[in-house]
Number of protein chains: 2
Amino acid sequence: MTNAIRILGLDPGLRRTGWGVVRVEGARIAHLAHGVVAPPESAPLSERLLALHRGVAEVVAQWAPDEAAIEETFVTANGASTLKLGHARAAAMLAPAAAGIAVAEYAAKVVKKALVGTGGADKAQIAFMVARILPTSGGATQDAADALAVAICHAQSRRVRAIGAAA
Amino acid sequence: MTNAIRILGLDPGLRRTGWGVVRVEGARIAHLAHGVVAPPESAPLSERLLALHRGVAEVVAQWAPDEAAIEETFVTANGASTLKLGHARAAAMLAPAAAGIAVAEYAAKVVKKALVGTGGADKAQIAFMVARILPTSGGATQDAADALAVAICHAQSRRVRAIGAAA
């Protein structure tokens, strides 16, 4: 089996964007790296977005993922928060996209179901399962754990698709 | 007077992002160029955002603006629309930001007031004033006219600030 690929997971936020990289080979999944990009909070919006974008671009350059995945944003009643998240999400997504890497999107419920088995799982359950699936990811902050969760979800999803295609 | 500068105005949208470039020297303002970036509608979100970003980056490279301006987004009751606009806005803003160009933000009411004299002006009034202030911009579509309007607003705003600073 030489079909190992690297998946970058992203959990975007204007203050903190979590990222995580996993290595997938068949049914095996392993933790490679994770971290958080935190743009300066006091800078103008365009500079914050640029810092976020460049931070993720550095991760892409360093870890050379083959595919990327990101959570679909849930639209909240707070329009201002939704708008900020939209900005952060685009700045983050553009980094793998600019490197020619496809970015898959998963609804939060799908990510939760992939990891915990139920779409109603809470953050602690997600973090617990991330630590269990990727034992060497210990110490990942909430943002990074959420990013790893999306990467794991994508790994499972593409495996299911591969099995389906081979059947 | 050799203090002529170029201002890029942006009117972001995921389907169509309008842009306009004006040349400002003291109280004089002249139209240089305008256009619309229209990403492929059927592509995945990350690719649409990349096409939008690259389209604006080409405008920045070709017209070498010194400053950029964009409308502050009004948050609508439709969260999904707000989210899309947030994505488009970030992808557009990142182009001048990546070139080291400051991006000023103006509320829609401020832009309307700068051009028409009232924050309640409608789109037709804005387009009329853009065509009057920049006679050679004829034929600009709505998106491009809105982008030129933001550029004009920024030109006026920085002039007012310059006069204030000199007083």
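Above this text you will find the structure in question.
Residues numbered from 1 in each chain as written. Chains lettered and ligands numbered in written order. Predicted model: local features only at pLDDT ≥ 70, side-chain atom pairs only at ≥ 80, totals over all residues. Heavy atoms only, no water.

Visitor: So what exactly am I meant to see when it comes to the sheet that holds strand S1 (residues 5-11) of chain A here?
Guide: Either a parallel or an antiparallel arrangement is found when strands of a sheet pair, and the pairing is made through backbone hydrogen bonds. Residue and element names in this part refer to chain A. Within the open sheet, the 5 strands sit side by side as S3-S2-S1-S4-S5. Their pairing is mixed. The sheet is open, and its two borders are formed by strand S3 (28-37) and strand S5 (103-106), each paired with just one other strand. Ignoring which end each strand starts from, the neighbouring axes of this sheet average 25° apart. The sheet contact formed by S1 and strand S4 (residues 67-71) spans 4 bridges and is parallel. Bridge assignment links Leu8 to a residue of S4, and that residue is Ala68. Running at roughly 135° to S1, helix H5 (residues 142-166) makes contact with S1, strand S2 (17-25), S3, S4 and S5 of the sheet. (Pairing = 2+ DSSP bridges. Helix = DSSP H or I, 4+ residues; strand = E, 2+ residues; numbered from the N terminus. Axes fitted to C-alpha atoms, helices over the stretch in contact; angles between N-to-C directions. Contact = heavy atoms within 4.5 Å.)

Visitor: Before we go on, may I ask you to explain the interface of chain A and chain B in this structure?
Guide: Quoted interface sizes are often the accessible area lost when the parts come together. In this assembly, 23 residues from chain A lie in contact with 23 residues from chain B. Between chain A and chain B, roughly 2,000 Å² of surface is buried when both sides are summed, and carbon and sulfur atoms account for 76% of that area. When the buried area of chain A at its contact with chain B is split by residue, Ser46, Leu83 and Leu94 of chain A rank highest and sum to 27% of it. Inspection of the chain A/chain B interface yields 0 salt bridges. Across the contact surface, chain A and chain B share 4 residue pairs in polar contact (both at pLDDT 80 or more). (Buried area = accessible area lost by both parts, 1.4 Å probe. Salt bridge = Lys/Arg side-chain N within 4 Å of Asp/Glu carboxyl O. Polar contact = N/O pair within 3.5 Å; in protein donor to acceptor, adjacent residues only side chain to side chain.)

Visitor: Would you mind going over helix H1 (residues 45-63) of chain B with me for this structure?
Guide: Residues separated by three or four positions in an α-helix point in the same direction, a consequence of the helix having 3.6 residues per turn. Its 19 residues give H1 of chain B an end-to-end C-alpha distance of 27 Å, which sits within 8% of 27 Å, the value for a rise of 1.5 Å per residue. Of all the residues in H1 of chain B, the buried ones are Leu45, Ser46, Arg48, Leu49, Leu50, Leu52, His53, Gly55, Val56, Val59, Val60 and Trp63 of chain B. Where H1 of chain B is buried, its residues touch helix H2 (79-98) and S5 of chain A together with strand S1 (5-11), strand S2 (17-25), strand S3 (28-37) and helix H2 (79-98) of chain B. Looking one or two residues beyond H1 of chain B, the residue adopting positive phi is Ala64 of chain B, at roughly 45°. (Expected span 1.5 Å × (residues − 1). Buried < 20%, exposed > 50% of the residue type's maximum accessible area, 1.4 Å probe, protein only.)

Visitor: What is the right way to read the relation of the copies chain A and chain B from this model?
Guide: Superposing chain A onto chain B takes a rotation of 180° combined with a translation of 0.0 Å along the rotation axis, leaving an RMSD of 0.0 Å. These values place the two chain copies in the arrangement generated by a two-fold rotation axis. Mapped onto chain B, 100% of the interface residues of chain A again fall at the interface, so both copies present the same surface. (Least-squares fit on C-alpha atoms with pLDDT ≥ 70 in both.)

Visitor: Explain the pairing of S4 of chain A to me, please; I cannot follow it from the model alone.
Guide: In the case of a regular strand, side chains alternate between the two sheet surfaces. Residues and elements named next belong to chain A. Most of S4 sits out of view: 5 of its 5 residues are buried. In S4, alternate side chains face the same way, and those of Glu67, Ala69 and Glu71 on one face and Ala68 and Ile70 on the other are all buried. Pairing geometry for S4 and S5, over 4 bridges, is parallel. Bridge pairing links Ile70 to Glu105 in S5.

Visitor: Before we go on, may I ask you to explain the pairing of S3 of chain B in this structure?
Guide: Residue and element names in this part refer to chain B. As judged from the 9 bridges shared by S2 and S3, these two strands associate in the antiparallel manner. When the sheet's bridge partners are listed, Gly18 is paired in S3 with Val36. Counting the residues in the hairpin turn of S2 and S3 gives 2 residues, including Gly26, whose phi is positive at 60°.

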